[in-house]
Amino acid sequence: MRLSAYFLPTLKENPNEAQIVSHRLMLRAGMVRQTSAGIYAWLPLGFRVLKKIEQIVREEQNAAGAQELLMPTIQPAELWKESGRYDDYGKEMLRIRDRHEREMLFGPTNEEMITDIFRSAVKSYRDLPRNLYHIQWKFRDEIRPRFGVMRGREFLMKDAYSFDLDADGARRSYQKMFLAYLRTFARLGMKAIPMQADTGPIGGDLSHEFIILAETGESGVFCDKEWLDLDVLASAPGFDDDLTPFFEKYTNIYAATDEKHDPATSPLKPEELVSARGIEVGHIFYFGTKYSAPLGAVVAGPNGEQITVEMGSYGIGVSRLVGAIIEASHDDAGIIWPDEVAPFKVGLINLKTGDADCDRACDELYRDLQAAGVEVLYDDRNERAGAKFADMDLIGLPWQLTVGPRGLKNGVVEMKRRATGEREELPRDAAFSKLT
Ligand code: ATP
Ligand code: MG
Ligand code: MG
Ligand code: MG
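A quick note: this is a predicted structure, and the numbers were derived from the prediction, not measured.

## Digging into the overall build of the protein
Step number 1: When helices and strands are counted, the protein shows 13 helices and 23 strands.
Step number 2: The globule rule puts the C-alpha radius of gyration for 436 residues at 22 Å, and the 24 Å found for the protein is close to it.
Step number 3: Per-residue burial for the protein yields a buried fraction of 40% across its 436 residues.
Step number 4: Within the protein, contacts between residues separated by at least 24 positions form 74% of all contacts whose residues are at least 6 apart in sequence.

And the structure:
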């Protein structure tokens, strides 16, 4: 992409409405634009990051055996009356009437709808287990939308739903999602700690919140300091292995939100305990027959008996993650994208647009990198070098490749790693092969 043609409305000044760094940087980097309270348009740069995160989430869900489908955003109220949640959900639910005065709602979550789809199609134990998920926009009329996309009203969530014949099966489904979540967050370059959590209005008896530590987090959290330097992927089993040892190992290292933490019963000595703030980026629940019983999601068992299926649900805040990653990875100059989610891998900076040698060298690099499948944002604008560097640091691409007249005379370009600030001058071809 050529920056001269790209829709990237960056801001020089800090916007007044943004209280936390990720919100400020997302606005300044031209990633999103608020259209009303807690509702955002995703501009091209932000949209690329959102899609990258979504894809990593998808790959791990698929690897765990979950199957993607897509349910609508608008749901009929009847389903929620069947489960009893239509009244319980309260003002967070956006209620809508269609032209026939039928009661509808914009889905805040999909337990009822997936249970309805399941019950209409699955009649036998032979068709279990199943795990179905989608990545779809949700609406919750949050009382205080704030912090940009971190607490929006409209937000993108991955939500998966498991169906099993019995509690043992449901536990295994839960463990698979537990592993998929640890893998997903690690791939996103983040340390998310699974914490015992209250099950809240969704209900049930086994639940973990996945929380990343950040000063601006809304939850108070407590964990064993061992968590801080754990490499969960190093010892992770495959999805088809027995997951119980792994699950027990990681659920036995202490971690709890302030709702669950009790200093009187905490097993840790004060020097082993980390007390911090955290951002909830995912949440998994096992809730048994809470929805399958009232909605009648029943299958015939091996002896023809009727069995109410055991369910769990598993959410990841895909759009919240964009903000959460920035909270965890930035400096004074701007965002520092982890490689896996960066909107482009390389920012190519032409220090002297209009200079025949610089233009030619940059055009060739741009063409060759793209041909090699590398995502490049090419700053070909007629701007001061300082402004180009500042914009590149602000949008945080992992690599910057700078081409200027002086370097070209000596046959070199400059490569900078955004995360460390390390710079290196090297021949054009050497830079090219480092990036491909
Ligand atoms: P919170 O405690 O932050 O209000 P929640 O517990 O109500 O979140 P869940 O019902 O567990 O949320 O939904 C699953 C995931 O969806 C959350 O872990 C979070 O990452 C994301 N999420 C929930 N509410 C929002 C929101 N208003 N804006 C962005 N993401 C959200
Ligand atoms: Mg909430
Ligand atoms: Mg919560
Ligand atoms: Mg939650």
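## Structural notes on the packing of helix α2 (residues 44-63) against helix α9 (residues 318-328)
Step number 1: Following both chains from N to C, one finds α2 and α9 inclined at 110 degrees, their axes separated by 9 Å at the closest point. When the axes of α2 and α9 are compared, the pair comes out roughly perpendicular. The two elements α2 and α9 cross, and the hand of that crossing is right-handed. Two secondary-structure elements touch here, α2 through G46, V49, L50, I53, E54 and V57 and α9 through V318, S319, L321 and V322.
Step number 2: Grouping the amino acids of the contact of α2 with α9 by side-chain chemistry returns seven nonpolar, two polar and one charged.

## What to know about the site of ligand 1
Step number 1: In the neighbourhood of ligand 1, 15 residues make up the surrounding shell, with F155, H283, G315, G317 and R320 lying closest.
Step number 2: Of all the secondary structure elements, the ones that give two or more residues to the shell around ligand 1 are β8 (154-164), β13 (273-288), β16 (310-317) and α9.
Step number 3: The element that contributes the greatest number of residues to the shell around ligand 1 is β13, accounting for four residues.
Step number 4: Considered class by class, the residues forming the shell around ligand 1 number three nonpolar, seven polar and five charged.

Rules used throughout
- Residues numbered from 1 in each chain as written.
- Chains lettered and ligands numbered in written order.
- Predicted model: local features only at pLDDT ≥ 70, side-chain atom pairs only at ≥ 80, totals over all residues.
- Helix = DSSP H or I, 4+ residues; strand = E, 2+ residues; numbered from the N terminus.
- Rg over C-alpha atoms; globule rule 2.2 N^0.38 Å.
- Buried ≥ 20, exposed ≤ 12 C-beta atoms within 10 Å, placed from the backbone.
- Contact = placed C-beta atoms within 7 Å.
- Axes fitted to C-alpha atoms, helices over the stretch in contact; angles between N-to-C directions.
- Parallel < 35°, antiparallel > 145°, perpendicular 65-115°, else oblique.
- Left-handed = near helix turned anticlockwise from the far one by under 90°.
- Nonpolar A, V, L, I, M, F, W, Y, C, P; charged D, E, K, R; others polar.
- Near = placed C-beta within 6 Å.

That's the geometry; what it means functionally is another story.
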